[in-house]
Amino acid sequence: MLGRGVKRKWSCLEELEAEAAPAAVTEEKQQQQQQRAEGEEDGGEDEGGLPAAPPKSETSHLQQRQLVLGLCLEKLQHYQAGVELSLRRSVLLVNTLRQIQEDMRSDGPGTCVHPDSCLLRGDLRRDMPVTCPGCAEGVGGHLPLSSPPEFPPQEADGSHDPQKSLPAAAAATATATATISAFSDAVNAMGYLGDLALDDIFEDIDTSMYETSDLPSAWPTGSPWPVGVSLWADEDVKLRAAGHGSSSGSLQSCLLDLNELDHIMEILVQS
Amino acid sequence: MAGPGGDMQWCFSQVKGAIDDDVAEADIISTVEFNHTGELLATGDKGGRVVIFQQEIENKNLPQFRSEYNVYSTFQSHEPEFDYLKSLEIEEKINKIRWLPQKNAAQFLLSTNDKTIKLWKISERDKRPEGYNLKEEDGRYKDPNTITALRVPVLIPMDLMVEASPRRVFANAHTYHINSISVNSDNETYLSADDLRVNLWNLEITDRSFNIVDIKPANMEELTEVITAAEFHPHQCNTFVYSSSKGTIRLCDMRASALCDKHSKLFEEPEDPSNRSFFSEIISSISDVKFSHNGRYMMTRDYLSVKIWDLNMENRPVETYQVHEYLRSKLCSLYENDCIFDKFECCWNGNDSVVMTGSYNNFFRMFDRGHRRDVTLEASRENSKPMQVLKPRKVCAGGKRKKDEISVDSLDFNKKILHTAWHPQDNIIAVATTNNLYIFQDKVN
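What you are looking at is a predicted structure, and each value in this text was computed from that prediction instead of being measured.

Draft legend 1. Examining the overall build of chain A more closely. Of the regular secondary structure elements, chain A holds 10 helices and zero strands. Counting helices and strands in the order they occur from the N terminus, chain A gives α-α-α-α-α-α-α-α-α-α. The proportion of buried residues among the 271 residues of chain A is 44%. Pairs at least 24 apart in sequence give 69% of the contacts found in chain A among residues at least 6 apart. Counting only carbon and sulfur atoms, one obtains 56% of the accessible surface of chain A, whose full area is about 13800 Å².

As structure tokens, then:
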């Protein structure tokens, strides 16, 4: 069973603070804790209140970046059926995402980055390799965009290495982006299975609902993101040609398709 | 104790709305607007209703009880709709109300939800005709042949009846969500703005509108900026401004071209590099823009501040007021709970000397431009005794919390004041909490 997104709780913010390097326990933080103890009448966090901000340091900058990245993706994924997404909100979220990407890019190759950030690179710069050069630390060579260890052993093409070298903070945000990871896994799996006769596998599965022109063509090229998917619908064009279906639809239909691809993958790897 | 505007002190006057804490979603107030004389105060809510209050002009010899606002008219402006093509609901929530200047006995206002603008006529009826001799007792029309005399009906007084009727419906012109409407000073046209476009309408014509701004990119994937608010200049009927999610304001002149994609002026303040964070863009997004009454300045509201711009200077605002700077260190948490996307409005007082905007914990802030003073006040049921003077509130950002101060971590972020309005002439303000409308007035010494 491939992982799903997990709702982030307040405790995760505090976890991040706890995992911060010992140097991060500064006088400032101690002061803040003192003030909170003095200032709060209830002794606990009020409904609608806020936890203390993490102290500023290089580590916490990376942690905050990871946190914001995870939240961003979570917010973009979350939608209510039947309610239209706010375009302003979506645009601001995507711009934040892009800014985080730029920030990660400017870190340079030495830094170990989360595979989901590589996914984002692939999203906006399709000429960049799908692999994650920054994850070479301690492993050597390239790591493909792979899942947490529960990915089934069938993908034994040799290039799939467990991510032991990732920092704990990065792993903490992995579950928040599991749906997108799952999709990229599907991509890699299909890459491996690509030389098999696809028809044989899909023989007994009715895929008439999932037939789109763009998705299958994107997979062999290794792009993790279907060509032509926009995060928001071009709403002026109300009528779409048959066959373009989900790939040029809204975020909602894109995510629905991701869920359906999950389902296909489950069937594939279990058979 | 002196406050903004010299020795002015604010007192509680009235509160409208349900008392219980369990807020019905439909009762959430979504817009507040005084008319041009201040006699009428309109509110719109999430349930699509408009409630208009009218000021009862009390005896002027009793200064302490100047005037009360009582319900004048209530009507259902918008109903929920369903877009079958996209399988999406169109909310009936009233996003904005704007009054038209009064031309005759009736009052007119524009109200809008996400997609449709409506022109409503509010008229009074206090007389009815009586004395027709055309009907029988039971209501059947008499046979004309039996009528031998002509009786002219007489108008007799009746209880005041206020009727609201929709006179125009301006529909199907917006693909995206309407965020602003603004009536032009020519009293013939008005603009409506959604996330990507601004349209110009004639008040009389509903089947046509002119698109005057279009920032939609050819490829939607290149979209990085949306329109957040728009307003006509109060005196120059050819000039309007629109603000963006990137913190810029563009002033456009409709005489220059039919499509005002090229701005006449671009107002933007360079970012302070020391304040740069992942949230910089989100907090720079402008949630409201309002011209001053004299037309020389405009005010913008972003997440943390209010800025006053001189229309003749584009590179920076002339005044900047911090609304709740103590939230700057909490942006990550506010991002998590979505509060960072809240859209606060702002308003000017009648002579442009004081500006007001809302904050969290049911606090609202006033900035006196002339005296360089500011005050934080609270709208709450606890301070709701008649003519009770509002005590200034203070938020403790860090360090030792003094008595009567409230610490940042104790603020209730579910209690937000997004909508405020100031009477066009007097010192009377309307402040909307989630589902209550508070009316405060200054204490006459």
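Draft legend 2. Spatial organisation of the nonpolar core. The biggest cluster of nonpolar side chains holds 37 residues, and the ones touching the most others in it are Tyr303, Leu327, Leu334, Tyr335, Ile340 and Leu411 of chain B. Elements that contribute at least two residues to this core include exactly α3 (58-77) and α4 (87-105) of chain A together with α1 (280-284) and α2 (331-336) of chain B. For this core, the element with the highest residue contribution is α3 of chain A, accounting for seven residues. Grouped together as the second largest cluster of nonpolar side chains are 18 residues, Met8, Trp10, Phe12 and Leu377 of chain B included.

Draft legend 3. View of the packing of aromatic side chains. Within the structure shown, the criterion is met by 20 aromatic pairs over all chains. Relative to tyrosine 360 of chain B, the ring of phenylalanine 344 of chain B lies with its centre 5.3 Å away and its plane at 90°, an arrangement referred to as edge-to-face. In this pair, phenylalanine 344 of chain B sits in the loop between α2 and β24 (346-348) while tyrosine 360 of chain B sits in the loop between β25 (354-358) and β26 (363-368), placing the two residues 16 residues apart along the sequence. Judged by centre distance (5.9 Å) and plane angle (10°), the ring pair of tyrosine 438 of chain B and phenylalanine 440 of chain B falls under stacked. With a relative accessible area of 2%, tyrosine 438 of chain B lands in the buried category. Grouping aromatic residues by their ring pairs yields a cluster made of Phe12, Phe364, Tyr438 and Phe440 of chain B. Its end group placed over the ring of tyrosine 335 of chain B, lysine 75 of chain A keeps NZ or CZ at 5.3 Å from the ring centre.

Draft legend 4. Local environment of the pairing of strand β14 (residues 197-202) of chain B. Residue and element names in this part refer to chain B. Counting buried positions along β14 yields five of six residues, so the element is predominantly enclosed. One ladder, built from five bridges, connects strand β13 (residues 189-193) with β14; its direction is antiparallel. If you follow tyrosine 190 over to β14, its bridge partner there is tryptophan 201. Here β13 hands over to β14 after three residues, the two strands then running antiparallel side by side.

Draft legend 5. Molecular detail of the sheet that holds β24 of chain B. All names here are of chain B. The strand order across the open sheet built from four strands is β24-β25-β26-β27, with neighbouring strands paired in antiparallel fashion. Of all strands in the sheet, those bounded by a partner on one side alone are β24 and β27 (373-378). Sheet twist, expressed as the average angle between the axes of neighbouring strands with direction ignored, equals 20°.

Draft legend 6. Region of interest: the sheet that holds strand β30 (residues 419-422) of chain B. Residue and element names in this part refer to chain B. Spatially, the four strands line up as an open sheet ordered β1-β32-β31-β30, and their pairing is antiparallel. Both edges of this open sheet fall to β1 (10-16) and β30, since each of them pairs with a single strand only. For this sheet, the mean inter-axis angle between neighbouring strands, taken without regard to orientation, is 20°. In the sheet, β30 pairs with strand β31 (residues 428-432) via four bridges, with the strands oriented antiparallel. Residue pairing for β31: histidine 419 is matched across the bridge by alanine 432.

Draft legend 7. Up close: the pairing of strand β18 (residues 249-253) of chain B. Residue and element names in this part refer to chain B. When you tally the buried positions in β18, you get five out of five residues, the bulk of the element. Here β18 shows a buried face lined by Ile249, Leu251 and Asp253 and a second buried face lined by Arg250 and Cys252. Once strand β17 (residues 239-244) ends, the chain turns through four residues before running back antiparallel as β18, passing glycine 247 with a positive phi of about 85°.

Draft legend 8. The arrangement of the environment of valine 318 of chain B in detail. Residues and elements named next belong to chain B. Tracing the chain through its elements places valine 318 in the loop between β22 (305-310) and β23 (319-322). Assessed through its relative accessible area of 33%, valine 318 is described here as partly exposed. Expressed as a C-alpha distance, the spacing of valine 318 and histidine 174, which sit 144 residues apart in the sequence, is 35 Å. Setting aside chain neighbours within four positions, we find valine 318 in contact with Tyr297, Ile308, Trp309, Asp310 and Met313.

Draft legend 9. Highlighting the pattern of salt bridges. Per the counting criterion, the structure on display carries 31 salt bridges over all chains. The partner of arginine 65 of chain A in a salt bridge is aspartate 103 of chain A, and the shortest N-O contact between them spans 2.8 Å. With arginine 65 of chain A in helix α3 and aspartate 103 of chain A in helix α4, this pair connects stretches of sequence that are 38 residues apart. Given the relative accessible area of 2%, arginine 65 of chain A is considered buried. Here glutamate 25 of chain B and lysine 46 of chain B are joined by a salt bridge, their closest N and O atoms 2.6 Å apart. A residue pair is termed long-range when its members are at least 10 positions apart, and glutamate 25 of chain B in the loop between β1 and β2 (29-34) and lysine 46 of chain B in the loop between β3 (40-45) and β4 (49-57) qualify at 21 residues. Residue glutamate 25 of chain B is classed as exposed on the basis of its relative accessible area, which comes to 52%. Several salt bridges converge on common partners, so that one network encompasses Lys75 and Arg89 of chain A together with Asp338 of chain B.

Draft legend 10. Representation of a nonpolar patch on the surface within the structure. Taken together, the side chains of Tyr132, Leu134 and Tyr141 of chain B make up a nonpolar region of the molecular surface, amounting to roughly 380 Å² of accessible area. Looking at tyrosine 141 of chain B, the relative accessible area reads 63%, which means it is exposed.

Draft legend 11. Layout of the environment of arginine 301 of chain B. All names here are of chain B. Considering the arrangement of structural elements, one finds arginine 301 in strand β21 (residues 297-301). We classify arginine 301 as buried; its relative accessible area is 0%. Residues arginine 301 and valine 289 lie 12 residues apart in sequence; the distance between their C-alpha atoms is 6.6 Å. Aside from chain neighbours lying at most four places away, what touches arginine 301 is Ser285, Ile286, Ser287, Asp288, Val306, Val323, His324, Phe344, Glu345, Cys346, Thr357 and Gly358. At a separation of 2.9 Å, a polar atom in the side chain of arginine 301 contacts the main-chain carbonyl oxygen of tyrosine 303. A distance of 2.7 Å separates the side chain of arginine 301 from the backbone oxygen of glycine 358, its partner in a polar contact.

Draft legend 12. Layout of the packing of α3 of chain A against α4 of chain A. Residue and element names in this part refer to chain A. Between α3 and α4, the least distance of the axes is 10 Å, while the angle of their chain directions is 145°. Our pair here, α3 against α4, has a crossing hand that is left-handed. Mapping the contact onto sequence places His61, Arg65, Gln66, Val68, Leu69, Cys72, Leu73, Lys75 and Leu76 in α3 and Arg89, Ser90, Leu93, Val94, Thr96, Leu97, Ile100, Asp103 and Met104 in α4. Class assignment for the residues of the contact of α3 with α4 results in 10 nonpolar, four polar and four charged.

Draft legend 13. Examining α4 of chain A more closely. Along its 19 residues, α4 of chain A runs 27 Å from first to last C-alpha, staying within 8% of the 27 Å computed at 1.5 Å per residue. Among the 19 residues that make up α4 of chain A, 14 are buried, leaving the element largely enclosed by the rest of the structure.

Draft legend 14. Summary view of unusual backbone geometry. Residue and element names in this part refer to chain B. A positive phi is found at asparagine 187, a non-glycine position, where the angle reads about 60°. Mapped onto the elements, asparagine 187 comes out in the loop between β12 (180-183) and β13. Judged by its relative accessible area of 29%, asparagine 187 falls in the partly exposed class. Phi angles above zero are rare outside glycine, and aspartate 352 is one such case at about 65°.

Conventions we followed
- Residues numbered from 1 in each chain as written.
- Chains lettered and ligands numbered in written order.
- Predicted model: local features only at pLDDT ≥ 70, side-chain atom pairs only at ≥ 80, totals over all residues.
- Heavy atoms only, no water.
- Helix = DSSP H or I, 4+ residues; strand = E, 2+ residues; numbered from the N terminus.
- Buried < 20%, exposed > 50% of the residue type's maximum accessible area, 1.4 Å probe, protein only.
- Contact = heavy atoms within 4.5 Å.
- Areas by Shrake-Rupley, 256 points an atom, 1.4 Å probe, with all protein chains shown as cover.
- Core = buried A, V, L, I, M, F, W, Y, C linked by side-chain atoms within 4.5 Å.
- Phe/Tyr/Trp six-rings, centres within 6.5 Å; stacked < 30°, edge-to-face > 60°.
- Lys NZ or Arg CZ within 6 Å of the ring centre and 35° of its normal.
- Pairing = 2+ DSSP bridges.
- Axes fitted to C-alpha atoms, helices over the stretch in contact; angles between N-to-C directions.
- Salt bridge = Lys/Arg side-chain N within 4 Å of Asp/Glu carboxyl O.
- Patch = residues over 30% accessible without salt bridge, like charges linked within 9 Å, V, L, I, M, F, W, Y side chains within 5 Å.
- Polar contact = N/O pair within 3.5 Å; in protein donor to acceptor, adjacent residues only side chain to side chain.
- Left-handed = near helix turned anticlockwise from the far one by under 90°.
- Nonpolar A, V, L, I, M, F, W, Y, C, P; charged D, E, K, R; others polar.
- Expected span 1.5 Å × (residues − 1).

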